[in-house]
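# An overview of the molecular structure
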Amino acid sequence: MIKLFVGLGNPGPEYEATRHNAGFWWIDALAHELKTSLQPDKSYYGLVARVAVDGEPRWLLKPQTFMNLSGKSVGALARFFKIQPSEILVVHDELDIIPSQAKLKLGGSHAGHNGLRDIHAQLGSPDYWRLRIGIGHPGARDEVLNWVLKKPSADHRTAIDDSMTRAILAVPALMAGDMDKATMAIHTTKPPRPKPVRPSEPV
């Protein structure tokens, strides 16, 4: 059951439309879906919204610490409200997944992602959920920094938005703790093919 939804990114208008802010884009879309807005909260070093779903509190968080210190924000809120790592979903950009795809996973390494690295350290555990939004890879390691801090092409942005929309549709399952159902919804990039229509039985 996910109680805390965290989107990773960098604050400031110069970063707003860059690939590294895909997590922020997703949280903004979720806030819109839940008809709420995030407000600054110095206690948690970020923009925060609290909503009630079926009588249970849920939090949305956009750390304003810059990517490398994301854990400072996540850890502060999680500790105060006693939210366990397994009840946290961190949404972030993923180089090794193509635009149009997103992947849900529990635990694992930070794979060099500085935001995840700091969250690992602050939570003292890697066992939180991640929603990895595919942004594609530039093809060369020395081009990665420039790639993540630039705007995607119009085609890539549309593909990224499509994958995020599917993930938003999985939120009720995420909140209910039905992670298998959520995974299926997020990982399915095309609608299932309709079953063939059987000919009518003779009367």
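The present account deals with the structure reproduced in this document. (Residues numbered from 1 in each chain as written. Predicted model: local features only at pLDDT ≥ 70, side-chain atom pairs only at ≥ 80, totals over all residues. Heavy atoms only, no water.)

### Description of the pattern of salt bridges
Stated formally: Definition used for salt bridges: Asp or Glu carboxyl oxygen within 4 Å of a side-chain nitrogen of Lys or Arg. Under the scheme used here, helices are H or I runs from DSSP no shorter than 4 residues and strands are E runs no shorter than 2 residues, and both carry numbers assigned from the N terminus.
Counted according to the given criterion, the structure contains four salt bridges. One salt bridge in this structure joins Glu87 and Lys3, with 3.4 Å as the shortest N-O distance. On the criterion of sequence distance, the pair formed by Glu87 in the loop between α2 (70-80) and β5 (88-94) and Lys3 in the segment before β1 (4-7) is long-range, its members being 84 residues apart. One salt bridge connects Arg132 with Glu94, and the closest N-O pair in it is separated by 3.3 Å. One end of the pair, Arg132, is in strand β7 (residues 129-134); the other, Glu94, is in strand β5, and 38 residues separate them in sequence.

### Brief notes about the packing of α2 against helix α3 (residues 114-123)
Note the following rule: Axis lines are fitted to C-alpha atoms, over the contacting stretch for helices. Their N-to-C directions set the angle, which ranges from 0 to 180 degrees. Should the near helix be turned anticlockwise from the far one by less than a right angle, the crossing is termed left-handed; should it be turned clockwise, right-handed. It only takes one pair of heavy atoms within 4.5 Å for two residues to be counted as in contact.
Relative to each other, α2 and α3 sit at 35°, their axes nearing to 7 Å. In this structure, α2 crosses over α3, and the sense of that crossing is right-handed. Contacts between α2 and α3 involve Ser70, Gly71, Lys72, Val74, Gly75, Ala78 and Arg79 on the former and, on the latter, Gly115, Asp118, Ile119, Gln122 and Leu123.

### Some words on unusual backbone geometry
Excluding glycine, most residues fall at negative phi; most peptide bonds, likewise, are trans. Test applied: Exposure is judged per residue with a 1.4 Å probe applied to protein chains only, and the accessible area is read against the type maximum: over 50% gives exposed, under 20% gives buried, and values in between give partly exposed.
A positive phi angle, close to 55°, is found at Tyr45, a residue other than glycine. Judged by its relative accessible area of 37%, Tyr45 falls in the partly exposed class. If you check the backbone angles, Asp54 has positive phi at about 55° while not being a glycine. Tracing the backbone shows Asp54 in the loop between β3 (46-53) and β4 (56-63).

### Quick word on the sheet that holds β7
Here is the rule: Strands were regarded as paired on the criterion that DSSP finds at least two bridges between them.
Taken together, the seven strands give an open sheet; going across it, the order is β2-β3-β4-β1-β5-β7-β6, and neighbouring strands pair in mixed fashion. Edge positions in the sheet fall to β2 (39-41) and β6 (102-106), since each of these pairs with one other strand and no more. Neighbouring strand axes in the sheet, compared pairwise and without regard to direction, differ in orientation by 25° on average. Here β2 pairs with β3 via three bridges, running antiparallel. Across the sheet, Pro40 pairs through a bridge with Leu47, a residue of β3. Along the sheet face, helix α1 (residues 22-33) touches β1, β4, β5 and β7 and points at about 145° away from the line of β4. Sitting on the sheet, helix α7 (residues 179-187) touches β6 and β7, and the angle it makes with β6 is about 155°.

### A word on the packing of α1 against helix α5 (residues 154-169)
This is how it is decided: For this classification, under 35 degrees means roughly parallel, over 145 means roughly antiparallel, 65 to 115 means roughly perpendicular, and everything else is oblique.
Their axes nearest at 10 Å, the elements α1 and α5 cross at an angle of 50°. The angle between α1 and α5 falls in the class oblique. Judged by the twist between their axes, the crossing of α1 over α5 is right-handed. Contacts between α1 and α5 pair Ala22, Trp25, Trp26, Ala29, Leu30 and Glu33 from the former with Arg157, Ile160, Met164, Ala167 and Ile168 from the latter.

### What about the pairing of β1?
Burial along β1 is two-sided: Leu4 and Val6 facing one way and Phe5 and Gly7 facing the other are all buried. Where β1 lies against β4, three bridges are found, and the strand directions are parallel. Residue pairing across strands places Leu4 opposite Trp59, the latter belonging to β4. Inspection of the sheet shows β1 paired to β5 by four bridges, in the parallel sense.

### A closer look at the packing of aromatic side chains
Put simply, the test is: Pairing of aromatic side chains requires ring centres within 6.5 Å, counting the rings of Phe and Tyr and the six-membered ring of Trp. Pairs whose planes differ by under 30 degrees are stacked, by over 60 edge-to-face, and all others tilted. Each ring is checked for a lysine NZ or an arginine CZ that lies within 6 Å of its centre and within 35 degrees of its normal; such an atom marks a charge sitting over the ring.
Within this structure, the stated rule accounts for six aromatic pairs. An angle of 80° between the planes, with centres 5.0 Å apart, marks the rings of Phe80 and Phe81 as edge-to-face. A residue is classified by how much of its surface remains accessible, and Phe80, at 56% relative accessible area, is exposed. Members of the aromatic cluster, each reached through a chain of ring pairs, are Tyr44, Trp59, Phe80 and Phe81. Directly above the aromatic system of Tyr128 lies the positively charged group of Arg130, at a separation of 4.3 Å from the ring centroid. A cation over an aromatic ring shows up here: Arg157 above the ring of Trp25, its NZ or CZ 3.6 Å from the ring centre.

In short, shape yes, function no, at least from these values alone.
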